[in-house]
Amino acid sequence: MADKDPSDVSTNQANNPLTRKLNKILETRLDNDKDMLEALKALSTIFTENNLRSRRNLRSDIEKRSLAINEEFLQSFQAVKEQLDSVYSDVKEMNECCQDMTNRLKAAKDQTHDLISQTTTLHAESQKLQMKSQVADAFLNKFQLKSEEAKIIRGTRDGALHPEFFNALARVKQIHSDCKFLLRTNQQTAGLEIMESMALHQESAYERLYRWTQNECRALTGDSPDISPVLCNAMKALLDRPVLFKYSIDEFGTARRSAVVRGFIDALTRGGPGGTPRPIELHSHDPLRYVGDMMAWLHQATASEKEYLQSLLKNCEVQESQIEDVLGHITEGVCRPFKVRVEQVLLSEQDAVTLYKLDNLLKFYHNTIRQIVNNEAALLSTLTEIQDLSHRMFFNSLTCNANKLLDRVELPPPDLGPTSSLTQTLQLLRDVLACHDASVVPIDDKKQDFKQILSCVVDPLLQMCSVSASRLNSIDMAAYMINGIYLMQSTLALYEFTDTRLEMLQAQIEAHVDTLISEQASFVLTRVGLSTIYGIVENHQPSQGPLSGIQGMDPITVKSAMNKFDSYLASPDSLTLPQCSLILSALVRDNAKRRAVDLICQAYKQMYEAIYNPTNEYKEPQSIVPRTPDQVVKLLS
Amino acid sequence: MKSHKAADMAAGPYNYSYIFKYIIIGDMGVGKSCLLHQFTEKKFMADCPHTIGVEFGTRIIEVAGQKIKLQIWDTAGQERFRAVTRSYYRGAAGALMVYDITRRSTYNHLSSWLTDARNLTNPNTVIFLIGNKCDLDAQRDVTFEEAKQFADENGLMFLECSAKTGENVEDAFLDTAKKIYQNIQDGSLDLNAAESGVQHKPATPRNPLNTDQTPNKEGCAC
Ligand SMILES: Nc1nc2c(ncn2[C@@H]2O[C@H](COP(=O)(O)OP(=O)(O)O)[C@@H](O)[C@H]2O)c(=O)[nH]1
Ligand SMILES: [Mg+2]
């Protein structure tokens, strides 16, 4: 590179070593070389005198000095070394110690390894056991009574029932039924054992509950029993033991039964506060009120007892029939005192009307009480019996009356009117039917009764009239019977359900009216002397020849009779039978009169036509029978 | 639910402390059965069947913190049942005497009902006059004032009610009970006597031996 630079003259010079050395020295920048500066500075401390000698000795001086320093250094390090040696031996010792410890630890570790593994196993086992204990606790909780529960179940000596009793009992039941699950698992022995123990608990609990309930029920003999919620719960719980339930409810029934009897007797004999309302027996002289009050009391008591019973069993699902059975038992006690009293009333009562009112009253209550108790209840059968008796007593009384009528039949009075026994009996009938009108019994019963009453009264009456009329002549008999029957008819006409009877009576009246009018007609014809003539006309046959030729039918005889008839026409009433006037009913009387006139007119017409008939060979018929039948009808009506 | 039960227990083991017997009287058709039904069922029964003889309903009410069971006997107003219904006055603590404000005749008959009530109940029986059907004000035939005067003159409590709307029905039954209760409190009604129309349930636990104060008279029954 230097040869190629033609301008650099100094290149040659630079190749000179000296030059190079010099340059190097010149180029040295001392102030940049710190080491050099340090060295020089150190040198200047010992190199105080710059002279030749000192400059010549400099090197050895420096070397001497270096030696001294090194010696000093050595000495110093000797101490350090000794110290380090000591440290070293200490560390070594320590190391040995550690080694020893490590060995020992290792040995220990080897030794404890078994223990640890043993511990681990134990720990695991402990955990398992703990788990088992929890399971066992849970099991016990589920399948065993708490001690306080067992205590509640066992109860106290005084027999009182703990409020928690039913919960405890429910627990026992629950456990018992849960045991069935156990039996399905492989815990059968436990299941069976627990089941057995629960069954024992249950039995003793039910036994105690039953005793308690029995005592409680036995005490319910007040006017209104205090049926506590606890007792209601007890009844409900006892439903699981049907026999105990039944016994308890029977106990209740017996207590109530005697309460009802006592209440009944109190109402009969003691009455209300200060005697108001009065004791029922105070009215025993008034049979209707007496019996009515007793019945109303029984009705109310029965209804109340049913309520009590329902509130006792309000938590229980029992059938209505069961309640009714108990109610039947409760109301059974009063039957006897009640029956005795009513029977006494009925047997000593003779008045048919009162008996009938009693009969209706009893019928009404029979219906009312039948809605509360069932058919098996003694109260109802007592009522049936009593009502049967009242029915019989009533009809007995009616029949008695009827028998009396027939025993002593009165003679018909001269006016052919009703006998006093007839009017009296009809008054009785009216009274009876009137209270039937006010009766409280259903229509069907009413209809049935009516039939029986009517045949009980009307038939003997008719019979009596006939017997009484038997010695009369037929005209008197007809009038007398018409009057009697008419009276019966008009009595019955006021009441319902009598239509058939009325029809029958009407037919009988008609029959007697028929008799009467034919008697009346023939009476008139006889009195005017037409009866023979009419008889001949009626029976005349053409084979007998003309009428005028028959004896007694000559124009003169006929004419004279017709004259008499004419004077009858002038005053028809003069020939009315007295019996016809004695007919009480104006309607029947007028009817009879009209029909008698009809008969007479008919007869006249027949004779008239016969006389006018040319084959009968009457000359001048108009002089014999001057009046036409129409004229006669007009005159007579 | 459970706490309620517990409270019940604490208040005493009984459902109610008294039973009051009522009777409802008055002409047929004045609404006696409807009033009873409205009170017990809180409903109006428009097509109520005719009462045959006597029927009854119950409801438990509360007066002065006491539970009281009302046993209410509804009678038939027809004359033909009168002989029967008369027997039910016995032992009534309250008598509700009802007329129909739209039918004057039912009001005119009140004095005869009142005579029955006075003669056949005990002197402490509370008689409450009810003018029913007050919802039919347009057809009114009896003024409030005259009925009120009648009530005052005879010492009766009085309200106009409607079994249809229920107006005042509750009050009539409750006021009667309050009055009876008051009579018990001030001692004018003797509960120990039978047929006071009130039955008391003792608040203390009973003693099984102490069934009743009177000896059992069953023996003399026959
Ligand atoms: N508008 C109206 N009608 C009533 C009221 N109460 C009853 N009724 C009617 O009156 C009639 C007779 O009622 P009911 O209770 O049978 O009378 P009871 O014979 O006294 O028992 C029935 O048709 C009822 O619908 C009322 O408050 N308002
Ligand atoms: Mg009614």
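From a predicted model like this one, the values you see are computed outputs, not experimental measurements.

Caption draft 1: Up close: the overall build of chain A. For chain A, the count of helices and strands is 25 helices and zero strands. Here chain A has a C-alpha radius of gyration of 73 Å; the compact-globule value for 637 residues is 26 Å, and the former is much larger. Counting only C-alpha atoms and orienting by the principal axes, one finds that chain A spans roughly 245 × 95 × 55 Å. Contacts in chain A between residues at least 24 apart in sequence constitute 72% of all its contacts with a sequence separation of at least 6. When the accessible surface of chain A is summed, it comes to about 36500 Å², and 53% of that surface belongs to carbon and sulfur atoms.

Caption draft 2: Region of the structure containing the overall build of chain B. The number of helices and strands found in chain B is seven helices and seven strands. The order of α-helices and β-strands along chain B, N terminus first, is α-β-α-β-β-α-β-α-α-β-α-β-α-β. Across the 222 residues of chain B, 50% fall into the buried class. Nonlocal contacts in chain B, meaning residues at least 24 apart in sequence, comprise 74% of its contacts between residues at least 6 apart. When the accessible surface of chain B is split by element, carbon and sulfur atoms take 51% of a total near 10200 Å².

Caption draft 3: A look at the domain arrangement of chain A. By the assigned domains, chain A splits into domain 1 (1-30), domain 2 (33-136), domain 3 (148-215), domain 4 (219-394) and domain 5 (517-636). Between domain 3 of chain A and domain 5 of chain A, the C-alpha centre-to-centre distance is 114 Å.

Caption draft 4: Looking closely at the nonpolar core. If you look at the biggest cluster of nonpolar residues, it comprises 161 residues, and the most contacted ones within it are L209 and I453 of chain A together with M97 of chain B. Take this core: its biggest share by element is twelve residues, from helix α11 (residues 287-312) of chain A. Counting residues in each nonpolar core, the second largest holds 33 residues, with F20, C161, A163 and L174 of chain B among its members.

Caption draft 5: Layout of the site of ligand 1. Residues and elements named next belong to chain B. G29, K32, A46, D135 and A163 are the nearest of the 19 residues found near ligand 1. Contact between ligand 1 and N132: a nitrogen atom at 3.2 Å from a side-chain N or O atom of the residue. Summarising the interface, the protein chains cover 84% of the accessible area of ligand 1, which totals 580 Å² for the free molecule. Ranked by residues supplied to the shell around ligand 1, first place goes to helix α2 (residues 32-41) with three residues. Its residues assigned to classes, the shell around ligand 1 shows eight nonpolar, six polar and five charged.

Caption draft 6: Representation of the coordination of the magnesium ion (ligand 2) within the structure. Residue and element names in this part refer to chain B. Looking at the magnesium ion (ligand 2), the protein donor atoms are S33 (OG) and T51 (OG1), and they sit 2.0 to 2.1 Å from it. Taken as a pair, S33 in helix α2 and T51 in the loop between α2 and β2 (54-63) lie far apart in primary sequence, 18 residues in all. Residue class for S33 comes out buried when judged on its relative accessible area of 13%. Note on T51: relative accessible area 9%, which makes it buried.

Caption draft 7: Focus on the packing of aromatic side chains. Summed over the entire model, instances satisfying the criterion amount to 24 aromatic pairs over all chains. Measuring from ring centre to ring centre gives 5.2 Å for Y99 of chain B and Y107 of chain B, while their planes differ by 70 degrees; the resulting arrangement is edge-to-face. By relative accessible area, Y107 of chain B is classed as buried at 10%. Each member of the aromatic cluster is reached from another via a ring pair, and the members are F364 and Y365 of chain A together with F56, W73, F81 and Y88 of chain B.

Caption draft 8: The environment of S397 of chain A, seen in detail. Residues and elements named next belong to chain A. Looking at the secondary structure, you find S397 in helix α15 (residues 378-407). Placed 361 residues apart in sequence, S397 and M36 show a C-alpha to C-alpha distance of 174 Å. In this view, S397 contacts Q350, D351, A352 and L355; residues no more than four positions away in its chain are not counted. A distance of 3.5 Å separates a polar side-chain atom of S397 from the backbone nitrogen of A352.

Caption draft 9: A look at the pairing of strand β3 (residues 66-75) of chain B. Residue and element names in this part refer to chain B. Most of β3 sits out of view: eight of its ten residues are buried. Where strand β1 (residues 18-25) lies against β3, seven bridges are found, and the strand directions are parallel. By the bridge assignment, I24 is partnered in β3 with D74. Pairing analysis gives ten bridges linking β2 to β3, with the strands arranged antiparallel. Within β3, the position partnered with E62 by the bridge is K67. In sequence, β2 turns back onto β3 through a hairpin of two residues, with A64 there showing a positive phi of about 50 degrees.

Caption draft 10: Region of the structure containing the UniProt feature "domain: Conserved oligomeric complex COG6 N-terminal" (unreviewed entry) in chain A. Mapped onto this numbering, the UniProt entry annotates "domain: Conserved oligomeric complex COG6 N-terminal" (unreviewed entry) at residues 43-155 of chain A. Secondary structure across residues 43-155 of chain A divides into 91% helix and 0% strand, with the first and last C-alpha atoms of the span separated by 120 Å.

Caption draft 11: Region of interest: the environment of V63 of chain B. All names here are of chain B. Structurally, the position occupied by V63 is in strand β2. Overall, V63 belongs to the buried group, its relative accessible area being 5%. Apart from residues lying up to four places away in sequence, V63 is in contact with I68, A177, K178 and Y181.

Caption draft 12: Spotlight on the packing of α11 of chain A against helix α14 (residues 352-370) of chain A. Residue and element names in this part refer to chain A. Viewed as axis vectors pointing N to C, α11 and α14 meet at an angle of 5 degrees, and their least axial separation amounts to 10 Å. Here α11 is positioned roughly parallel relative to α14, judged by the angle of their axes. The residues of α14 that touch α11, namely those facing P287, L288, V291, G292, M295, A296 and H299, are T354, K357, L358, L361, L362, Y365, T368 and I369. Taken together, the residues of the contact of α11 with α14 sort by class into ten nonpolar, four polar and one charged.

Caption draft 13: Local environment of the side chain of S390 of chain A. Relative to the elements of secondary structure, S390 of chain A occurs in helix α15. Discounting residues that sit within four places of it in the chain, S390 of chain A has contacts with L346, D359 and L362 of chain A.

Caption draft 14: Spatial organisation of unusual backbone geometry. Even without a glycine there, the phi angle at E620 of chain A is positive, about 50 degrees. Notably, N168 of chain B is not glycine yet its phi reads approximately 65 degrees, a positive angle. Position of N168 of chain B relative to the elements: it lies in the loop between β6 (157-160) and α7 (169-185).

Caption draft 15: Just a nonpolar patch on the surface, in detail. Residue and element names in this part refer to chain A. Nonpolar side chains collect at one region of the surface, where F73, F77, V80, L84, V87 and V91 lie side by side and expose about 540 Å² of accessible area between them. Looking at the element boundaries, V91 is found in helix α5 (residues 58-143). Judged by its relative accessible area of 45%, V91 is partly exposed.

Caption draft 16: Geometry of the state of the cysteines. All names here are of chain A. All chains considered together, the criterion is met by zero disulfides over all chains. Here C98 stays free of any disulfide, with the sulfur of C97 as its closest cysteine sulfur at 6.7 Å. The exposure class assigned to C98 is partly exposed, which follows from its relative accessible area of 39%. The closest cysteine sulfur to the non-disulfide-bonded C580 is located on C601, 15 Å from its own sulfur.

Caption draft 17: Geometry of the pattern of salt bridges. Residues and elements named next belong to chain A. Scanning the entire structure with this criterion turns up 37 salt bridges over all chains. Here K142 ties to D178 by a salt bridge, and the two come within 3.2 Å at their closest N and O atoms. Pair noted here: K142 is in helix α5 and D178 is in helix α7 (residues 165-184), with a separation of 36 residues, a long-range link. By relative accessible area, which is 45% here, K142 ends up partly exposed.

Rules used throughout
- Residues numbered from 1 in each chain as written.
- Chains lettered and ligands numbered in written order.
- Predicted model: local features only at pLDDT ≥ 70, side-chain atom pairs only at ≥ 80, totals over all residues.
- Heavy atoms only, no water.
- Helix = DSSP H or I, 4+ residues; strand = E, 2+ residues; numbered from the N terminus.
- Rg over C-alpha atoms; globule rule 2.2 N^0.38 Å.
- Contact = heavy atoms within 4.5 Å.
- Areas by Shrake-Rupley, 256 points an atom, 1.4 Å probe, with all protein chains shown as cover.
- Buried < 20%, exposed > 50% of the residue type's maximum accessible area, 1.4 Å probe, protein only.
- Domains from an automatic or database assignment.
- Core = buried A, V, L, I, M, F, W, Y, C linked by side-chain atoms within 4.5 Å.
- Near = heavy atom within 4 Å.
- Polar contact = N/O pair within 3.5 Å; in protein donor to acceptor, adjacent residues only side chain to side chain.
- Nonpolar A, V, L, I, M, F, W, Y, C, P; charged D, E, K, R; others polar.
- Donors = N, O, S within 2.8 Å, 3.2 Å for Na, K, Ca; no water.
- Phe/Tyr/Trp six-rings, centres within 6.5 Å; stacked < 30°, edge-to-face > 60°.
- Pairing = 2+ DSSP bridges.
- UniProt positions renumbered as here; feature names shortened; annotations may be inferred.
- Axes fitted to C-alpha atoms, helices over the stretch in contact; angles between N-to-C directions.
- Parallel < 35°, antiparallel > 145°, perpendicular 65-115°, else oblique.
- Patch = residues over 30% accessible without salt bridge, like charges linked within 9 Å, V, L, I, M, F, W, Y side chains within 5 Å.
- Salt bridge = Lys/Arg side-chain N within 4 Å of Asp/Glu carboxyl O.
- Disulfide = S-S within 2.5 Å.

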